[in-house]
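Chain by chain, the residues:
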Amino acid sequence: MINVRSWRRRALAALGAVVVSLAGTLAFMPTANADPPGFTVNHEARCMADGTYQIQWTVLAETAPTDATRYRFVKVEVYPPDTSIDPIAASPEGVFPHSLGKPVTGTQTLPGTATFADLAVWVQWDDGYSETSGVAAGAPLDGRCGQPPTDPTASFQPRCDGTVLVDLANPPAGRTVDVVLATYPKGYSRTVSLAPGATAKGIVVPRGYDFFSVTVAGASEAFAVYSWEFDPGHCVVPDIRARSTCEKLVIAVSGPNVGVNSLVLFNPNHGPEQRRLVEMGTTVDVSFPAVAGLAVVLRSDAFDPQASHLNGPYRWEQPAGCADGGGGGLPVTGQSTGGVLTAAGLLLVAGATLFVVARRRRIWFTV
């Protein structure tokens, strides 16, 4: 048996009590949330014509941890510290001006050389509950508002054959740069040298490359990227043909082999509207009963707006040899109806005349 002196036992006992106490404290210590639940802080930064940044901040409480419905800002921290964002500001004790679910917005104005802004808020609810931590958001800025641009730009124009036209421009305040166009997957690459104020227009990227980037040589990131998209408003030019028969007007719409399927509306001035889906590489025939003066107008959002002739109108024209009036009419046989009616009228007149004479003179008729 090991004997431990009393003072040592007392020291060990005291140390054990301290350890147990610390363990209990850590076990029951509440953790601080990174952000209050249901709170968001958003921003939208704009470079104004006067060369300053205007940042619109929006604070929104979407849910409450209790049954409270209103809250106040206990503390608000803004960066840069010499700016303010009214009405996003601390409220007096007991005053809860903001409502659950209603955004609180404020505008912060900064010089065009600013590179960062930040907003952090701490809130208390009208039932007395205070959030244990604040919620914050930052707004990175490029610091060049109001200054002439120095970076090159690129614009893109897709064409119906799958190629893309690229226009490059280097601002006058820029420097001489080599601009690299590179496709993905690899297969096409071109480098264009641009002096300050220079442009390069109409660079053709071949078809078959749905994605390419535009980068200043030596830079780690592209300043423009493009993903090829078909533009139906400038590509679909179907072949439309109309033919007239004695019985109907037939309109045939043939979709191109490339592009998109198009919904076409056929609006006649006689009869109901018809709708047809014209798929790529197919032909759809739509017919209308022949009526004198029949005209049909076609409509489709996919038609090239510059080719207005596609809309028509497409008119029924009576072919030679058809019955008058359209619609084919009834077959014509024997003598004409007009001749029969004339002969019948003459016979009626002759019969009436003979009847009157017979009554007056009693003329006998023999056959």
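Here the residue index of a chain counts from 1 through its sequence in written order. Reporting of local features is limited, given that this is a predicted model, to residues whose pLDDT is at least 70; pairs of side-chain atoms are given and counted only at 80 or more, and all residues count toward the totals for whole chains, interfaces and linings. Excluded from the side-chain calculation are hydrogens and water; included are all heavy atoms of the structure.

1. Considering the overall build of the protein chain
- Numbering of helices and strands runs from the N terminus; a helix is a DSSP stretch of H or I covering at least four residues, while a strand is a stretch of E covering at least two. When helices and strands are tallied, the protein chain shows two helices and 21 strands.
- Think of it in three bands: with a 1.4 Å probe and only protein chains considered, a residue is buried below 20% of the maximum accessible area for its type, exposed above 50%, and partly exposed in between. Buried residues in the protein chain amount to 31% of all 367 residues.

2. Focus: the nonpolar core
- To qualify as a nonpolar core, a set must consist of buried Ala, Val, Leu, Ile, Met, Phe, Trp, Tyr and Cys residues joined through side-chain atoms within 4.5 Å. The biggest cluster of nonpolar side chains holds 26 residues, and the ones touching the most others in it are Phe39, Trp57, Val59, Tyr71, Phe73, Ile88 and Leu119.
- At the level of elements, β1 (39-47), β2 (52-61), β3 (70-79), β5 (104-111), β6 (116-125) and β7 (135-140) are the ones that each hand at least two residues to this core.
- The contact partners of Ile88, leaving out residues within four places of it in the chain, are Trp57, Val59, Phe73, Val76, Val104, Thr105, Gly106, Leu119 and Val121. The contact rule is simple, with two residues in contact once any of their heavy atoms fall within 4.5 Å.

3. Focus: the sheet that holds strand β21 (residues 314-315)
- Should DSSP find at least two bridges between two strands, the strands are taken to pair. Taken together, four strands build an open sheet; the order of strands is β18-β17-β20-β21 and the sheet is antiparallel. Where the open sheet ends on each side, the last strands, each with one partner, are β18 (274-278) and β21.
- As judged from the five bridges shared by strand β17 (residues 262-268) and β18, these two strands associate in the antiparallel manner. Following the sheet pairing, Phe266 is matched in β18 by Gln274.

4. Topic: the pairing of strand β14 (residues 224-227)
- Side-chain alternation along β14 places Ala224 and Tyr226 on a buried face and Val225 and Ser227 on a face that remains uncovered.
- Two strands pair when backbone bridges link them, and strand β13 (residues 211-216) and β14 are joined in this way by four bridges, in the antiparallel orientation. When the sheet's bridge partners are listed, Phe211 is paired in β14 with Ser227.

5. A word on the confidence of the model for the protein chain
- Confidence of the predictor in every single residue is expressed as pLDDT, which spans 0 to 100. On average, residues of the protein chain score 78 in pLDDT, and 72% of them are at 70 or above.
- Here residues 1-5 is a poorly scored stretch, pLDDT under 50, and it has one contact once near neighbours within four places are set aside; other chains count.
- Counted against residues more than four places away or in other chains, residues 326-341, with its pLDDT under 50, gives eleven contacts.

6. A few points about the side chain of Gln124
- Following the sequence through the fold, Gln124 ends up in strand β6.
- Residue classification places Gln124 among the buried positions, given a relative accessible area of 10%.
- Each polar contact in these results corresponds to two N or O atoms within 3.5 Å; when the atoms are within protein, one needs to be able to donate a hydrogen and the other to accept it, and residues that are neighboring in sequence are counted only if both atoms are side-chain atoms. Reaching out from Gln124, the side chain makes a polar contact with the side chain of Ser130 at a distance of 3.5 Å.
- Among all residues touching Gln124, those that are not within four sequence positions of it are Arg70, Tyr71, Arg72, Val74, Glu93, Phe96, Tyr129 and Ser130.

7. Topic: unusual backbone geometry
- A cis geometry characterises the amide bond from Tyr79 onward to Pro80, with omega recorded as 0°.
- Positionally, Pro80 belongs in the loop between β3 and β4 (98-99).
- Geometrically, the link from Asp86 to Pro87 is a cis peptide bond, its omega value of 5° lying close to zero.
- Checked against the element boundaries, Pro87 lands in the loop between β3 and β4.

8. Some details on the packing of aromatic side chains
- The rule is short: rings of Phe, Tyr and Trp, with Trp giving its six-membered ring, pair when the centres are within 6.5 Å, and they are stacked under 30 degrees, edge-to-face over 60, tilted in between. According to the stated counting rule, one finds eight aromatic pairs in the structure shown.
- Between the aromatic rings of Phe212 and Tyr226, the centroid separation amounts to 5.4 Å while the plane-to-plane angle is 40°, which identifies the pairing as tilted. Here the residue Phe212 occupies a position in strand β13, and Tyr226 occupies one in strand β14, the gap between them amounting to 14 residues.
- For Phe212, a relative accessible area of 1% corresponds to the buried category.
- Put simply, the rings of Phe39, Tyr71, Phe73 and Trp125 touch in pairs and so form one group of aromatic residues.
- Whether a charge sits over a ring comes down to the Lys NZ or Arg CZ being within 6 Å of the ring centre and within 35 degrees of the ring normal. Directly above the ring of Trp122 sits Lys75, whose terminal nitrogen or CZ lies 4.2 Å from the centroid.

9. Things to note about the layout of surface pockets
- Put plainly, a pocket is an open set of points on a 1 Å grid over the protein atoms alone with protein on both sides within 12 Å along at least five of seven lines, a cavity is a set where a 1.4 Å probe fits but cannot get out, and a lining residue has an atom within 4 Å of a point. Grid points are joined across faces, edges and corners, and a volume is the space filled by probe spheres set on the points. Put simply, the largest pocket is a space of about 180 Å³.
- Every residue lining the largest pocket is listed: Thr150, Asp151, Pro152, Ala173, Gly174, Arg175, Val177, Val216, Ala219, Glu221, Ala222 and Phe223.

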